[in-house]
Amino acid sequence: MTRTRFKRRMRRRLAAEMGARAAPGPAGDPEESPVVPDAEPDALRRPYLPFELAEEMKVESPTDETERPATEDEAGVADAQVDDDLYASAREASDRGDGAAAIGLYSELLKRDPGHVRARNNLALLLDQAGDHAPALEHLDQCLLHEPENPQVLVNRGAVLGALGRFQEAEEDLRKVLRVEPSNAEGQFNLGLVLSRKGLWRDAIPFLRRAVELDDGRAVAFFYLGEALNHVDDLDGALHSYQRAVELRPNYPNALYGEGIVLDRLNRPEEAAVMYRRSSELGSK
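What you are looking at is a predicted structure, and each value in this text was computed from that prediction instead of being measured.

**Q** An account of the side chain of Glu171 is needed here, citing residue identities and associated values.
**A** Along the chain, Glu171 turns up in helix α7 (residues 167-180). By relative accessible area, which is 10% here, Glu171 ends up buried. The residues touching Glu171, leaving out its near neighbours within four places in the chain, are Leu191, Val194, Leu195 and Lys198.

Okay, here's the thing in structure tokens:
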């Protein structure tokens, strides 16, 4: 079978499988695609989006379309193309919010190629978002067996370890990243958050400050900086951080609530009441 025909057949098969996964179940018992909730403000951020799609392999089509056995090199190229198609299909499923299909496709790819670090990392992220922290951690551990110094995987594992309350291990992973990449905004943010979880608010502040310097468009980072500054009685700094979080995300109830607390501490009760009311209307604390 020629490479062109093989690729076409595999693409048709992948499309059919994805359609079957997305199709509703029998009447009266429909299958619903899981909806991944927005991360809670007090949850460790899952820092990395899935890896970028690999560049498609450029394989010349043979001029002779007659059937002939594939050579060993051609079979290897065909296998690589199938892996690329599975990876691309999984990414597409994830992008459209179909986590179940994406998990299935990544799992199928990993059966074919257990050392596919990008697929395993992305599968771990999907499992973590669904609340399956332990299997997510296992996949990230497997990633690091193949690429021990991969900063993206280390940051992701640090975040998952933090979600599991294993703060010391999380801190070790994140400090390892920052020794190599001090400008890694995700590493700075998550280390600040881990230190906050340990009650080390003053120690957390430099990392949270650096995180917002590196990425000044993330509301959650300003929120946690406000939390840390509030705990060390830097009320002006805390108020500014909460306000910036609300500027970036106007319907951020926890930031509005934090702003109310600081305004109360600054003896501005009427303004604080407005913040509490807005926060309550959005379903906060």
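Past the structure itself, the notes keep going.
**Q** Quick one: what's the story with the packing of aromatic side chains, residue by residue and with numbers?
**A** Within the structure shown, the criterion is met by six aromatic pairs. Their ring planes at 50° and their centres at 5.4 Å tell us that Tyr257 and Tyr276 sit as a pair that is tilted. Here Tyr276 lies in helix α13 (residues 269-281) and Tyr257 lies in helix α12 (residues 253-265), a separation of 19 residues in the sequence. Counting every residue linked through ring pairs, the aromatic cluster contains Phe189, Phe223, Tyr224, Tyr242 and Tyr252. Lying over the aromatic face of Tyr87, Arg118 brings its terminal NZ or CZ to 4.6 Å of the ring centre.

**Q** Explain the pattern of salt bridges to me, using residue names and the numbers behind them.
**A** All told, the structure shown has 16 salt bridges when counted by the stated rule. One salt bridge in this structure joins Asp234 and Arg209, with 4.0 Å as the shortest N-O distance. Here the residue Asp234 occupies a position in the loop between α10 (219-231) and α11 (235-248), and Arg209 occupies one in helix α9 (residues 201-214), the gap between them amounting to 25 residues. Two residues, Glu213 and Arg210, come together in a salt bridge whose shortest N-O distance is 3.2 Å. In this pair, Glu213 and Arg210 are both assigned in helix α9, three residues apart and thus about one turn of the helix distant. Judged by its relative accessible area of 56%, Glu213 falls in the exposed class. Using a relative accessible area of 30% as the deciding quantity, one classes Arg210 as partly exposed.

**Q** Just give me the short version of unusual backbone geometry, but keep the residues and values in it.
**A** With a phi close to 70°, Asp233 is a non-glycine residue in the positive phi region. Residue Asn267 is not a glycine yet carries a positive backbone phi of 60°. Topologically, Asn267 is positioned in the loop between α12 and α13.

**Q** Can you break down the environment of Ala101 residue by residue, with the values?
**A** Turning to its location among the elements, Ala101 is positioned in helix α3 (residues 99-112). When the C-alpha atoms of Ala101 and Ser89 are compared, they prove to be 9.0 Å apart, with twelve residues separating the residues in sequence.

Reading the values: the criteria
Residues numbered from 1 in each chain as written. Predicted model: local features only at pLDDT ≥ 70, side-chain atom pairs only at ≥ 80, totals over all residues. Heavy atoms only, no water. Helix = DSSP H or I, 4+ residues; strand = E, 2+ residues; numbered from the N terminus. Buried < 20%, exposed > 50% of the residue type's maximum accessible area, 1.4 Å probe, protein only. Contact = heavy atoms within 4.5 Å. Phe/Tyr/Trp six-rings, centres within 6.5 Å; stacked < 30°, edge-to-face > 60°. Lys NZ or Arg CZ within 6 Å of the ring centre and 35° of its normal. Salt bridge = Lys/Arg side-chain N within 4 Å of Asp/Glu carboxyl O.

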